[in-house]
Amino acid sequence: MKTHENRTYSQLEVGDEAQLTRLCTVDDLYAFASASGDHNPLHLASYDGDGDGRPEAVAPALWPAGLVAAVLGNILPGAGTQTRHANLTFHIPVLAGDELTAFVSILEKRQDGDLVCAAEVRRVGDNALIMNGEVQVTPPTHHMEFDSIEVPGLIVQRHRHFDALLEKARLLDPMPTAVVAPEEPNSLGGALLGLSNGIISPILVGDPDKIAAAAAELDADISGIEVIEARSHEIAAHRAVDLVVGGKAQALMKGHLHTDVLLHAVLRRENGLRTGRRLSHVFVMDVPGMSRPIMVTDAAVNIAPDLETKADIVQNAIHLAHSIGIETPKVGVLSAVETINPRMPSSVDAALLSKMAERGQITGGLVDGPLAMDNAVDLTAARTKGINSEVAGAADILIAPNIEAGNMVAKQLTYISHAEAAGIVVGAAAPIILTSRADDDASRLASCAVAALHAMANKGKIHG
């Protein structure tokens, strides 16, 4: 534990100096906006604040000034210091991604007990001058020592991983997508959202009267969208699959029908979308505060998968991870423990899956298990347990032992950890977008983006 020690007036001399280095991140700027109330869009990465056609993420001037305050309050003179006056000049802007060093040196010890300090902030790398000036402070009157001071951690509720996926998907041509039974506002709205963002080009398959009523309820104009009549959900599902088999669509989107009705058509033996692997559902989750997206599978299709099914679930997830830009995904196979317990079948299956990957039966990623949830995603927890693994603490993909566990993990991340979740079914010849009535616009749009990236990555090939 680090000890901090302040210095009183009598302990200080002219020429004493200190410095502090800090990286300016996008999340720092959102936290500053929240704390200060300064919502100038120029300072926020999601907005074009000056009309030049690109977002800026320029730090407010008081952000580098705050680094000077941190030197004064933490180091020189340290705890108890109060700022009385500041005369600062700001030379060039700070952008998110810049690393800065703040310098403070004592210029004068005044008779009234105050100090005059020179302050300077420079950019690390090119030593560019960001800010300089003088600050007058009153140093602490009592000498004190503190152990490391804890402040509440802050997590910015921002979904930057999905923002990146959407940017990638928008570079593609809109993906022709057969939307099955979009016969109520939620399901039709998800398709129209993907259309308006240039990610999908929907073909609506279902009851034209119900689709028109849903559009009217949304006050949406669907006159330019192709509608293929299907008076039952079973017929709609089969006609949508026909569109994919015939090359007119590259993906399916579930509308207002039961999932098993859609999957029955997908898995039909004649002209279906089988690939030789079992279908599985994957949630791609953007959890605020996590440095990477987290994928959770299977939370919606396979109820109690056996070892062979789990091997397909793992392989499906690895291929999806490749599609969204994770070159060598790390797969953590979950159990309640990180050691093999013959009385706990999930731990045995996890060890076997790990060995299958080691022997080349599962390819394209690193697989390890059994891992408990904590040591799958948190490096400190993994080290505490003495787990030596490339996956432990850094898993990109979490393989749940059954549908109950997968569903609980995904919903906990969504409703307690404020994650957004994109959900698709993989393992077929085309991705299947599954959205829920509870999904918000961000989740629906991200689901379309993930499906579009997966379809493009696998265009012209089917994994066997």
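No experiment lies behind these values; they were computed from the predicted model shown.

Cut-offs applied
Residues numbered from 1 in each chain as written. Predicted model: local features only at pLDDT ≥ 70, side-chain atom pairs only at ≥ 80, totals over all residues. Heavy atoms only, no water. Core = buried A, V, L, I, M, F, W, Y, C linked by side-chain atoms within 4.5 Å. Buried < 20%, exposed > 50% of the residue type's maximum accessible area, 1.4 Å probe, protein only. Contact = heavy atoms within 4.5 Å. Helix = DSSP H or I, 4+ residues; strand = E, 2+ residues; numbered from the N terminus. Polar contact = N/O pair within 3.5 Å; in protein donor to acceptor, adjacent residues only side chain to side chain. Pairing = 2+ DSSP bridges. Axes fitted to C-alpha atoms, helices over the stretch in contact; angles between N-to-C directions. Parallel < 35°, antiparallel > 145°, perpendicular 65-115°, else oblique. Left-handed = near helix turned anticlockwise from the far one by under 90°. Nonpolar A, V, L, I, M, F, W, Y, C, P; charged D, E, K, R; others polar. Salt bridge = Lys/Arg side-chain N within 4 Å of Asp/Glu carboxyl O.

1. A short note on the nonpolar core
(1) Moving on: Among the nonpolar cores identified, the biggest contains 55 residues, and Ile199, Val284, Met295 and Ile362 are the most heavily contacted of them.
(2) Moving on: Isoleucine 199 has contacts with Leu166, Ala169, Arg170, Asp173, Pro174, Met175, Gly194, Leu445, Cys448, Ala449 and Ala452, leaving out every residue within four places of it along the chain.
(3) Moving on: Within the second largest apolar cluster, 28 residues are counted, among which are Ala178, Ala181, Ala236 and Ala237.

2. Here we look at the environment of proline 93
(1) Moving on: Relative to the helices and strands, proline 93 is located in the loop between strand S3 (82-90) and strand S4 (99-109).
(2) Moving on: When the C-alpha atoms of proline 93 and alanine 191 are compared, they prove to be 41 Å apart, with 98 residues separating the residues in sequence.
(3) Moving on: Residues contacting proline 93, with those up to four places away along its chain left out, are Val58, Asp98, Arg123 and Ile130.

3. Let's talk about the environment of arginine 268
(1) Moving on: With respect to the helices, strands and loops of the structure, arginine 268 is situated in the loop between helix H7 (259-266) and strand S12 (280-286).
(2) Moving on: Its relative accessible area of 15% is what places arginine 268 among the buried residues.
(3) Moving on: Separated by 27 residues in the primary sequence, arginine 268 and valine 241 have C-alpha atoms spaced 9.5 Å apart.
(4) Moving on: In this structure the side chain of arginine 268 is engaged in a polar contact, spanning 3.0 Å, whose partner is the backbone oxygen of asparagine 271.

4. Points about the pairing of strand S13 (residues 294-297)
(1) Moving on: Here S13 shows no split at all, with Ile294 and Val296 on one side and Met295 and Thr297 on the other all buried.
(2) Moving on: Bridge count for S12 against S13 is 3 bridges, and the pairing is antiparallel. The residue bridging valine 284 from the neighbouring strand is methionine 295, located in S13.
(3) Moving on: One ladder, built from 3 bridges, connects S13 with strand S16 (residues 397-399); its direction is parallel. When the sheet's bridge partners are listed, valine 296 is paired in S16 with leucine 398.

5. Digging into the packing of helix H8 (residues 307-323) against helix H9 (residues 345-358)
(1) Moving on: Contact geometry for H8 and H9: axes closest at 10 Å, N-to-C directions at 55 degrees. The orientation of H8 with respect to H9, classified from their angle, is oblique. Both H8 and H9 take part in a crossing whose hand is right-handed. Within the contact between the two elements, H8 uses Leu307, Lys310, Ala311 and Val314 and H9 uses Ser346, Asp349, Leu352, Leu353 and Met356.
(2) Moving on: Of the residues assigned to the contact of H8 with H9, the class counts are 6 nonpolar, 1 polar and 2 charged.

6. As for the pattern of salt bridges
(1) Moving on: A full pass over the atoms with the stated rule returns 18 salt bridges.
(2) Moving on: Residues aspartate 242 and arginine 268 are paired through a salt bridge, measuring 2.4 Å at the closest nitrogen-oxygen approach. Pair noted here: aspartate 242 is in helix H6 (residues 233-245) and arginine 268 is in the loop between H7 and S12, with a separation of 26 residues, a long-range link.
(3) Moving on: Of the charged contacts, one joins glutamate 338 and lysine 385 as a salt bridge, the two residues approaching to 3.6 Å between their closest N and O atoms. Pair noted here: glutamate 338 is in the loop between strand S14 (330-334) and H9 and lysine 385 is in the loop between helix H11 (379-384) and S16, with a separation of 47 residues, a long-range link.
(4) Moving on: Note on glutamate 338: relative accessible area 25%, which makes it partly exposed.

From the geometry alone we can't say anything about function, so treat these as descriptive.
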